[in-house]
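# Geometric and topological summary
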There are 2 protein chains.
Amino acid sequence: MPEIADVPLDKAYLLLNHGPVSLISSAHGARQNVMAAAWLMPLDFSPPKIAVVIDSRTLTRELIKASGEFAVNLPCRAISRQVLAAGSQSGRDADKLQQLGLGFRPARQIAAPLLDGCAAWLECRVISEPENQRRHDLFIAEVLAASARQDLFSHGRWHFTDADSHTLHYLAGGAFFATGEYFEADATGEKA
Amino acid sequence: MPEIADVPLDKAYLLLNHGPVSLISSAHGARQNVMAAAWLMPLDFSPPKIAVVIDSRTLTRELIKASGEFAVNLPCRAISRQVLAAGSQSGRDADKLQQLGLGFRPARQIAAPLLDGCAAWLECRVISEPENQRRHDLFIAEVLAASARQDLFSHGRWHFTDADSHTLHYLAGGAFFATGEYFEADATGEKA
C-alpha cells in the first residue's frame, strides 16, 4: 500500500487545478455509492471550496442531499475501467462499490468512503445553496480535509511515477486522456 | 493557418470536458483584455452552459460586467509562455494582447476577440446571476457559438497532432501538464 499523507487545506485546490476526472463517493445510513464526475472545479482557496455538477436523477444526489457530505476521489489510470463503469451504471441496482471491486477506507471528517486506486481525496461538506442545486444541479462545498498518495503528491506538487499512476481527464464514450508531460513555462523569456 | 470549423453547439461541452486551462478574452468599447482561467467547467449540454471563476479585481471582470460577454480560448502548448504571462500581468497597465504578441480574429456573436495560437473557442453570453458573482466570483454563461482547429478537433473528438498542438492543464508557479495519452477503457471487460 502506498503511504497516504494529509494535504494542507490551503493547498487542496492544487489537487484539482489540472482538471482531472473524479469519483464522487457518498454515504447515508447503511447506503453508499460512487459516481464519476468530470464537471468539477476549485472555487476558492481558503477556506477551500469546490463546485461540482451532480445530476438530479442520481442515487449520489439523494445520498448527498440526505448527508450533506461527499468525497472527491481522484482515480489513477490503473482503475480507468472502474471509472467508466461508475459513470455508466446506477447504484440503485446494486452496491456499486462492491460490484466494481473497489476497496475503500473511512474518511476522517465525513461518512463517505475514500476509494482505493486513487491518487488523492477531498472530504467535502455541502454549502446550502438550493437555487444552484435546483437550477444547475450545481453543488458548492467546503473541503474539510484532503489527503494524497505521498509518492504522487507532496509539497504542493504532483509527481506521477509509472503510467498507471497518472490522473485522468474524461472525454466521452469511454475515452480518456492521461495527465501528460510536466513542464514549466517562462513568462519573461522564451518558451522553456 | 490551420483551418477552423464550427463545432455544433450540442458538442461544445466536449471541448472543455478534459479540464484544460483557458484564456478568457473580453472587450467593451475600445478596450479589450485577456486573462488565464483554470477554474472553468461545463455546466449543461443543451443549450450549452459553462461556469467560470473571474476574480473581482480583474480588468476582465470589469469588461465582462460592461459587455455581458466573453470568449473562452483553449491555448495550445505552443503559447504556454503567453498563457503564463496572461495570468501574471494586469491589463490595466497596457494592452495585454499587444504586449503578448497574440493575434486574434473577430468572433461571430460577441465583441471579444478569438485568440490565435489556440485549439478551440467558445463565444459566451453571461447569464445574470448576481448572487453567484458576488459570493463566489462565479460566472455562468451560455455558449452561443463554438469553433475549433479542424486538424485538432472534429466529429466530437480531439486528435492532437504534434506536441505543440496539445491543450494545457495548469498547476501553479508556471508549471503545466500537457494533455497526455489518449486511450479507451472497457467498462465491461478488462482494461483496454
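Right, let's walk through the structure included here. These figures come from a predicted structure and were not determined experimentally. (Residues numbered from 1 in each chain as written. Chains lettered and ligands numbered in written order. Predicted model: local features only at pLDDT ≥ 70, side-chain atom pairs only at ≥ 80, totals over all residues. Heavy atoms only, no water.)

What follows covers the packing of aromatic side chains. The relation between two aromatic rings is expressed through the spacing of the ring centres and the mutual angle of the planes. Residues and elements named next belong to chain A. Enumeration over the complete set of coordinates arrives at 18 aromatic pairs over all chains. Where Tyr13 meets Phe45, the ring centres are 4.7 Å apart and the plane angle is 90 degrees; that geometry is what we call edge-to-face. Of the two residues, Tyr13 is situated in the loop between strand 1 (4–6) and strand 2 (22–28) and Phe45 in the loop between strand 4 (40–44) and strand 5 (49–53); the sequence distance between them amounts to 32 residues. Assessed through its relative accessible area of 18%, Tyr13 is described here as buried. (Phe/Tyr/Trp six-rings, centres within 6.5 Å; stacked < 30°, edge-to-face > 60°. Helix = DSSP H or I, 4+ residues; strand = E, 2+ residues; numbered from the N terminus. Buried < 20%, exposed > 50% of the residue type's maximum accessible area, 1.4 Å probe, protein only.)

Let us look at unusual backbone geometry. For the peptide bond that leads from Ser46 of chain A to Pro47 of chain A, omega is 0 degrees, which places it in the cis range. Turning to its location among the elements, Pro47 of chain A is positioned in the loop between strand 4 and strand 5. A positive phi angle, close to 50 degrees, is found at His155 of chain A, a residue other than glycine. Secondary-structure assignment places His155 of chain A in the loop between strand 11 (153–154) and strand 12 (157–158). Take His155 of chain A: its relative accessible area is 77%, and that puts it in the exposed class. Phi is positive for Asp137 of chain B, close to 55 degrees, though the residue is something other than glycine. Mapped onto the elements of the fold, Asp137 of chain B is located in the loop between helix 5 (130–136) and strand 10 (138–149). For Asp137 of chain B, a relative accessible area of 18% gives the class buried.

A word on the pairing of strand 2 of chain A. Residues and elements named next belong to chain A. The buried count for strand 2 comes to six of seven residues, which makes it a mostly enclosed element. With seven bridges connecting them, strand 2 and strand 3 (residues 31–37) associate as antiparallel partners. Bridging across to strand 3, Ala27 finds its partner in Gln32. Linking strand 2 to strand 3, which pair antiparallel, is a turn of two residues; within it Gly29 sits at a positive phi near 60 degrees. (Pairing = 2+ DSSP bridges.)

For the rest of this paragraph, the subject is empty space enclosed by the protein. Across all of its chains, the model carries two cavities of 30 Å³ or more by this definition. Of the volumes computed, that of the largest cavity is approximately 90 Å³. Along the walls of the largest cavity sit 15 residues, with Gly19, Leu40 and Met41 of chain A together with Gly19 and Leu40 of chain B positioned nearest its centre. If you list the elements that add at least two residues to the lining of the largest cavity, you get strand 4 of chain A together with strand 4 (40–44) of chain B. Reported here for the second largest cavity is a volume of approximately 40 Å³. Lining the second largest cavity are Ala12, Tyr13, Leu16, Pro42, Asp44, Pro48, Lys49, Ile50, Leu122 and Val143 of chain B. For the lining of the second largest cavity, the elements supplying multiple residues, two or more each, are helix 1 (13–16), strand 4 and strand 5 (49–53) of chain B. (1 Å grid on protein atoms, 1.4 Å probe; cavity = no way out; pocket = protein on both sides within 12 Å on 5 of 7 lines; lining within 4 Å. Points joined across faces, edges and corners; volume = space filled by probe spheres on them.)

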